[in-house]
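Coordinate analysis (summary)
Residue strings, one per chain:
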Amino acid sequence: GAIPALLFRRGDTNTDAKIDMSDAISTLGFLFLGKPETLACDKSADTNDSGSLDLSDAVALLNHLFLGAPAPPPPFPDCGTDGTPDALSCESPGACV
């Protein structure tokens, strides 16, 4: 049979079902401190849907949360599938199961 599309929530880096400052902190910790060493769902951390993880993902989330910048692309704020093909993985969808 066909492999089901993986559900995730864009911006929810720590996969706790909430989009908040802790997600940006998790992204920055992963990128610059190696803590956490891995992410449960790289796609969730790709806040700006660029297909890669970098500083701009944390900045995009913080801008949305605190400066009224546009919301991240779908799937946001609810769980859904990624409409943009990329090489990012998602081993665990967290609260989206």
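Residues numbered from 1 in each chain as written. Predicted model: local features only at pLDDT ≥ 70, side-chain atom pairs only at ≥ 80, totals over all residues. Heavy atoms only, no water.

Here we look at the side chain of Asp23
In this structure, Asp23 sits in helix H1 (residues 21-33). Buried charge Asp23 goes without a salt bridge, the closest partner of opposite sign being Arg9 at 8.7 Å. Residue contacts for Asp23: discarding those within four places in its chain leaves Gly11, Asp12, Thr13, Asn14, Asp16, Lys18 and Leu61. (Helix = DSSP H or I, 4+ residues; strand = E, 2+ residues; numbered from the N terminus. Buried < 20%, exposed > 50% of the residue type's maximum accessible area, 1.4 Å probe, protein only. Lys, Arg positive; Asp, Glu negative; His and termini not counted. Salt bridge = Lys/Arg side-chain N within 4 Å of Asp/Glu carboxyl O. Contact = heavy atoms within 4.5 Å.)

Some words on the pattern of salt bridges
Counting across every chain of the model gives 5 salt bridges. Here Arg9 makes a salt bridge to Asp12, at a shortest N to O gap of 3.7 Å. With respect to class, Arg9 is no different from Asp12; both count as buried. The salt bridge partner of Lys43 is Asp82, with a shortest N-O separation of 2.9 Å. Within this pair, whereas Lys43 is found in helix H2 (residues 42-45), its partner Asp82 is found in the segment after helix H3 (55-67), the two being separated by 39 residues in sequence.

Concerning the packing of H1 against H3
Look at H1 against H3: their axes get within 9 Å of each other, and the N-to-C directions meet at 165 degrees. The angle between H1 and H3 places the two elements in the roughly antiparallel class. The interaxial crossing formed by H1 with H3 has left-handed handedness. Here H1 contributes Met21, Asp23, Ala24, Thr27, Leu28, Leu31 and Phe32 to the contact with H3, which in turn contributes Leu55, Asp57, Ala58, Leu61, Leu62, Leu65 and Phe66. Partitioning the contact of H1 with H3 into residue classes produces 11 nonpolar, 1 polar and 2 charged. (Axes fitted to C-alpha atoms, helices over the stretch in contact; angles between N-to-C directions. Parallel < 35°, antiparallel > 145°, perpendicular 65-115°, else oblique. Left-handed = near helix turned anticlockwise from the far one by under 90°. Nonpolar A, V, L, I, M, F, W, Y, C, P; charged D, E, K, R; others polar.)

As for H1
In a regular helix each residue adds 1.5 Å, so 13 residues correspond to 18 Å; H1 covers 17 Å between its end C-alpha atoms and thus fits that length. Along H1, the residues that are buried comprise Asp23, Ala24, Ser26, Thr27 and Gly29. Buried-residue contacts for H1 involve H2 and H3. Looking one or two places after H1, you find Gly34, whose phi comes out positive at around 70 degrees. (Expected span 1.5 Å × (residues − 1).)

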